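Commentary on secondary and tertiary structure
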Amino acid sequence: MTINDKAVNLISPAKGVSNIGLSAYEWWNEGLHGVAGSPGVQFQTPNGSDFSYATSFPLPILMGASFDDALIHSVATVIGKEARAFANAQKAGFDYWTPNINGFLDPRWGRGLETPGEDIFHIQSYVKQLVPALQGVDNKNDPKQIIATCKHYAVYDVETNRYGQNYDVTQQDLGEYYLPAFKTCIRDALATSIMCSYNAVNGVPSCASEYLLQMVLRDTWGFTAPDNYVVSDCDAVTNIWDSHHFTTDGESAAAVALNAGTDLNCNGAYQNLTESVANNMTTESAMDQALTRLYHALFSVGYFDGASSWDGLSWTDVSTPDAQALAYEAAVEGITLLKNDGLLPLSTKTFSSVALIGPWANATAQLQGNYYGVAPYLISPLEAFQSSFDKVQYVEGTSISGTDNTGFPDAIAAAQSSDAIIYLGGIDTTVEAEGMDRTSIEWPGNQLDLISQLGGLGKPLVVVQFGGGQVDDTVILQNSSINSIIWAGYPGQNGGNAVCDVLTGKKAAAGRLPVTQYPAEYTKETNIFDPTIHSNTTFPGRTYRWYTGEPVLPFGYGLHYTNFTLSWETQPQSTYSIQTLVDDAKNGAEYLDIAPFVNVSVTVKNAGGPANTASDYVGLLFLSSPNAGPEPRPNKTLVSYARAHDIPVDGSQVLSLPVNLGSLARADANGDLTIYPGDYVLSLDTDAGLSAKFQLTGDSAIVDTIPRQAAQYNYTVPVYPQA
């Protein structure tokens, strides 16, 4: 290969080298919640022909609300299998740029719908289930089904000015919030690839950061297997100079990215490497190292010589009946009940006619959110309700946003002539999307106006709220004319049936909010560009752990159609020695932060209620302390969760809730996870329906570290860190 041959194969799409028989390859394939439209994925036509569609699951934000690790593993298993089937048929590549594991930190973020929520422990658990199931293996040696790529590394959670924004982040916040999910992705879940983000961290663009790509990723987390590689987000290498102004031109930008450890460049900036080498900014051996990693990765999935474990997957393995049933179940499990005065579940006998009103009432493509592919079918709420009720009147009434109220009279007329009103609205990807943050977290005013008028009719009224980001529900929660609210996210290909079945009681609502629902004024109290996590005298803090205000609805909130009683089956002992815990862990665990601490268990009994229905129950276990470690201390921290399924009335199930050592720890000023002595409380659920106290004694102990940033790095070109 000539140096030019090497340069054009370090970009996506890779050009190949015809005279040595190396084919071109498109690295950009997407699979966030199913095989998705992207440069490498080619859906065939017409719909119904082979490889014309793939299973379209709910967006991760709704699946995250299920708090069901087994469900996530099952969904990822299907996605990985279907993705490999497309690759085997040469309808897609073998690597997929998924999952998105940035925390949904600011409620305005346009891409929060792509993540499972705001809590990092929850995201770590999600990653631990998702990545091995996508790749089909849980080790570094066996042939992989596909290559998973965790993104966006690191400190990426704002779309506004995303190509040129710098975030100055403390070591403490890096160690406690921004890095742990990526550590789990690489160290524990063994993802093959990672994507560096557009933004800069502490003055250095992520794709040019030796600290992030070498000291943390490779030296600390062991991202050193022959097939481990870093890919840039698209045009992020070009952004090093044209947006961040970290270097002065494309040749120097390509050099600093390659030297830092970015192996693959999405789009063409690495074509500049021929000039970079000629000008001694980087070396041909650095290019060889990157190419070697990339081709090792393609060998690991059998691109060149096949992989017998996976080569048999074909069109018959795509959108199977089991996959379709799983897509429905994933939507049902995430749907969350936010308010109910007893109206739900709706009886189809009592209410023979319903009015379906709102901009989501006849949604089809909206159900898929973003990063979606062609679905085998899209069941709208309207279609589902028409199959369940004798008479359904549909009027859109209004759009997602805007000032047009010309549809109000028809909506009011339909509502007046119906037994019950179901309003389906909220937000969608016209409001929250890649490249577009929200400026407000209020309900769109036009929708609130219509909902208010519908409430004034005195009819039973249910509001179904869609979208990934939450909107401030205060007005709706306080309006006694509105009987019930459910949140349904982006529920995927069978979303209409999932929503209808939860509203009518065929399925019981049991999801939990994976984010905090903040009051609207939160956006005035926080700067979207401020990456600070902890609260202080002028800043209210981020996420339920640090927010000092009163949420509209807290993280983990979710009602049920039935009542549950809870009792401890096993509790923690009263006192533990920190030194003994650490010594015991050293004898049996590869990493102290994931060593077991205690396994508590809870008996969950369905005590019945007005609906008298079987139901799932999600147990959320939180840890808090009034005195352990330095102030400020978090309000509480999620340390374990589990989901019980289909508990019948008067029946019970035991939930096992394991807690690891890392969950006892907080990041110190250096970013090191530290267990502090003090008094602790484990509490179950958002209302602390059960609690158990224990003490940790002795000296504090570090269970995981992150490297310190060097005072300076030796660049081969002049660089200009952002202030």
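Residues numbered from 1 in each chain as written. Predicted model: local features only at pLDDT ≥ 70, side-chain atom pairs only at ≥ 80, totals over all residues. Heavy atoms only, no water.

For the protein chain, an unreviewed UniProt entry supplies the name xylan 1,4-beta-xylosidase and the organism Talaromyces islandicus. Recorded in UniProt for the protein chain, the comment headed Sequence similarities (unreviewed entry) runs: "Belongs to the glycosyl hydrolase 3 family." Regarding the protein chain, the UniProt comment filed under Subcellular location (unreviewed entry) reads as follows: "Secreted". (UniProt positions renumbered as here; feature names shortened; annotations may be inferred.)

1. Description of the sheet that holds strand E18 (residues 596–608)
Read across the sheet, 3 strands follow the order E16-E18-E21 without closing on themselves; strand pairing throughout is antiparallel. Among the strands making up the open sheet, the edge pair consists of strand E16 (563–570) and strand E21 (652–660). Going across the sheet, the axis of each strand differs from the next one's by a mean of 30°, ignoring polarity. Inspection of the sheet shows E18 paired to E21 by 9 bridges, in the antiparallel sense. The partner of Val 604 across the bridge, within E21, is Gln 653. (Pairing = 2+ DSSP bridges. Helix = DSSP H or I, 4+ residues; strand = E, 2+ residues; numbered from the N terminus. Axes fitted to C-alpha atoms, helices over the stretch in contact; angles between N-to-C directions.)

2. Quick notes on the pattern of salt bridges
For the structure on display, the rule yields 25 salt bridges. Notably, a salt bridge pairs Glu 284 with Lys 6, separated by 2.8 Å at the nearest N-O pair. Of the two residues, Glu 284 is situated in helix H11 (residues 284–300) and Lys 6 in helix H1 (residues 3–7); the sequence distance between them amounts to 278 residues. Judged by its relative accessible area of 31%, Glu 284 is partly exposed. Lys 507 is paired through a salt bridge with Glu 329; the nearest N and O atoms lie 3.5 Å apart. Here Lys 507 is found in the loop between helix H17 (495–504) and helix H18 (522–525), whereas its partner Glu 329 is found in helix H12 (residues 321–334), with 178 residues between them in sequence. What emerges from the salt-bridge pattern is a single network uniting Arg 111, Glu 114, Glu 159, Arg 162 and Glu 434. (Salt bridge = Lys/Arg side-chain N within 4 Å of Asp/Glu carboxyl O. Buried < 20%, exposed > 50% of the residue type's maximum accessible area, 1.4 Å probe, protein only.)

3. Structural notes on the state of the cysteines
Counted according to the given criterion, the structure contains 3 disulfides. Note that Cys 196 is cross-linked by a disulfide to Cys 207, the S-S spacing being 2.1 Å. Residues Cys 196 and Cys 207 are joined by a disulfide whose S-S torsion is about 105°; by sign, that bridge is right-handed. You can see Cys 196 sitting in strand E5 (residues 193–196) and its partner Cys 207 sitting in the loop between strand E7 (204–205) and helix H7 (210–216), a full 11 residues away along the chain. A residue is classified by how much of its surface remains accessible, and Cys 196, at 0% relative accessible area, is buried. Cysteine pairing in the protein chain follows 1-2, 3-4, 5-6, where each cysteine in a disulfide is numbered by its order in the sequence. (Disulfide = S-S within 2.5 Å.)

4. Section: the packing of helix H3 (residues 69–88) against helix H4 (residues 120–135)
Look at H3 against H4: their axes get within 7 Å of each other, and the N-to-C directions meet at 30°. The orientation of H3 relative to H4 falls into the category roughly parallel. Relative to H4, the crossing made by H3 is right-handed. Contacts between H3 and H4 involve Asp 69, Ile 72, His 73, Ala 76, Thr 77, Ile 79 and Gly 80 from the first element and Ser 125, Tyr 126, Gln 129, Leu 130, Ala 133 and Leu 134 from the second. (Parallel < 35°, antiparallel > 145°, perpendicular 65-115°, else oblique. Left-handed = near helix turned anticlockwise from the far one by under 90°. Contact = heavy atoms within 4.5 Å.)

5. Points about helix H20 (residues 578–588)
Among the residues making up H20, those that are buried are Ile 578, Leu 581, Val 582 and Ala 585. With its buried residues spanning 95° around the axis, H20 presents them on a single face. In H20, the exposed residues that point more than 90 degrees away from the buried face are Asp 584 and Asn 587. Buried residues belonging to H20 abut strand E17 (575–577), E18, strand E23 (673–675), strand E25 (690–697) and strand E26 (701–704). (Arc of directions from axis to C-beta.)

6. Structural notes on the sheet that holds strand E3 (residues 147–153)
Pairing in this open sheet of 4 strands is parallel, and the strands run E2-E3-E5-E8 from one edge to the other. Looking at which strands have only one partner, the edges of the open sheet turn out to be strand E2 (95–96) and strand E8 (229–232). Bridge count between E2 and E3: 2 bridges; the pairing is parallel. Its bridge partner being in E3, Asp 95 is matched across the sheet by Ile 147. Seen against the sheet, helix H6 (residues 180–188) touches E3 and E5 and runs at an angle of roughly 160° to E3.

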